[in-house]
Amino acid sequence: GENVEQHPSTLSVQEGDSAVIKCTYSDSASNYFPWYKQELGKRPQLIIDIRSNVGEKKDQRIAVTLNKTAKHFSLHITETQPEDSAVYFCAASSFYDMRFGAGTRLTVKP
Amino acid sequence: EAGVTQSPTHLIKTRGQQATLRCSPISGHTSVYWYQQALGLGLQFLLWYDEGEERNRGNFPPRFSGRQFPNYSSELNVNALELEDSALYLCASSARGGFGTGELFFGEGSRLTVL
């Protein structure tokens, strides 16, 4: 497996605004792309995932897009709320490996 | 249903010593994954065990090793501890073996401090 780049490292938005986090990967064998949310002092938890045969997936206020040709994928959170404040990790996975980005610390200001 | 459990919660060691961390997966899960979460570096893949066998390991030296027991619980051993081994060690399990087969369920981690 190879590295996953994640940007930005920190993101601050006003409540109600949208937030976008972007990731790029280099391993062509990657075919599964999950996003995990880690609140302060808690365990990472899956919030949404997408497979390589799908370009976009949405779950209420959260959506993920994947451009397999360009090897990048993004997380979109709309109508942000203070409880969305956390560190978000993207990951790119093949069967034998899952590599995580360095994380984005999202702060939603009320 | 109990989640992934890890012990100890905190561990303090000195340089050169050995550390042993333990993980119990969710009941019915056969795959266990270990990650190191050092400050500012995200989650770095260490080891994957499935059905008692090591299936893959990340870019870590051989002094990081482990095993999986017949009841699918797992142990991570770190020998000859160095200061940079200080980190949160996370264990995860999945219902089916292999990354990408479904969600990884993480434990709350074991924080190792090397003095």
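Note: the structure precedes this text.
Predicted, not measured: the structure shown is a model, and the values here were computed from it.

## A closer look at the overall build of chain B
- Along its length, chain B carries 0 helices and 11 strands.
- Computed over C-alpha atoms, the radius of gyration of chain B comes to 13 Å, within 12% of the 13 Å expected from 2.2 N^0.38 for 115 residues, which places it in the range of a compact globule.
- Projecting the C-alpha coordinates of chain B onto the three principal axes gives extents of approximately 35 × 30 × 25 Å.
- Intrachain contacts of chain B at a sequence separation of at least 6 include 55% that bridge at least 24 residues.
- For chain B, the accessible surface area stands at approximately 5,300 Å², while carbon and sulfur atoms represent 48% of it.
- For chain B, the separation between the mean place of its 9 positive charges and that of its 11 negative charges on side chains is 6 Å.

## Section: the sheet that holds strand β7 (residues 64-68) of chain B
Residue and element names in this part refer to chain B.
- Taken in spatial order, the 4 strands make up an open sheet running β1-β3-β8-β7, and their pairing is antiparallel. For this open sheet the edge positions go to β1 (5-7) and β7, each flanked by a neighbour on one side alone. Strand-to-strand twist across the sheet, computed as the mean angle between neighbouring axes with direction ignored, equals 20 degrees.
- In this sheet, strand β8 (residues 74-78) lies alongside strand β3 (residues 19-24) in antiparallel orientation, the contact comprising 5 bridges. Bridge pairing links Leu21 to Leu76 in β8.

## Some thoughts on the nonpolar core
- Of all hydrophobic cores here, the largest spans 23 residues; its most connected members are Trp35, Phe73, Leu75 and Leu106 of chain A.
- Looking at this core, the elements that each hand over two or more residues are β2 (10-14), β3 (19-25), β4 (32-38), β5 (45-51), β7 (62-67), β8 (72-77), β9 (86-93) and β11 (104-109) of chain A.
- When near neighbours in sequence (up to four residues on either side) are disregarded, Leu106 of chain A contacts Leu11, Val13, Ala19, Ile77, Asp84, Ser85, Ala86 and Tyr88 of chain A.
- If you look at the next biggest cluster of nonpolar residues, it comprises 22 residues, including Leu11, Leu47, Phe64 and Val78 of chain B.

## Section: the state of the cysteines
- One pass over the full model with this rule turns up 2 disulfides over all chains.
- What pairs with Cys23 of chain A in a disulfide is Cys90 of chain A, and their sulfur atoms sit 2.0 Å apart. Disulfide Cys23 of chain A to Cys90 of chain A: torsion about the S-S bond roughly -100 degrees, handedness left-handed. Here the residue Cys23 of chain A occupies a position in strand β3, and Cys90 of chain A occupies one in strand β9, the gap between them amounting to 67 residues.
- Across a sulfur-sulfur distance of 1.8 Å, Cys23 of chain B and Cys91 of chain B are joined as a disulfide pair. What sets the handedness of the Cys23 of chain B and Cys91 of chain B disulfide is the S-S torsion sign, and at about -60 degrees it is left-handed. Pair noted here: Cys23 of chain B is in strand β3 and Cys91 of chain B is in strand β9 (residues 87-94), with a separation of 68 residues, a long-range link. Taken individually, Cys23 of chain B and Cys91 of chain B each receive the classification buried, so the pair is uniform in this respect.

Rules behind the numbers
Residues numbered from 1 in each chain as written. Chains lettered and ligands numbered in written order. Predicted model: local features only at pLDDT ≥ 70, side-chain atom pairs only at ≥ 80, totals over all residues. Heavy atoms only, no water. Helix = DSSP H or I, 4+ residues; strand = E, 2+ residues; numbered from the N terminus. Rg over C-alpha atoms; globule rule 2.2 N^0.38 Å. Contact = heavy atoms within 4.5 Å. Areas by Shrake-Rupley, 256 points an atom, 1.4 Å probe, with all protein chains shown as cover. Lys, Arg positive; Asp, Glu negative; His and termini not counted. Charge placed at Lys NZ, Arg CZ, Asp CG, Glu CD. Pairing = 2+ DSSP bridges. Axes fitted to C-alpha atoms, helices over the stretch in contact; angles between N-to-C directions. Core = buried A, V, L, I, M, F, W, Y, C linked by side-chain atoms within 4.5 Å. Buried < 20%, exposed > 50% of the residue type's maximum accessible area, 1.4 Å probe, protein only. Disulfide = S-S within 2.5 Å.

Geometric descriptors of this kind do not, in isolation, establish any biological role.
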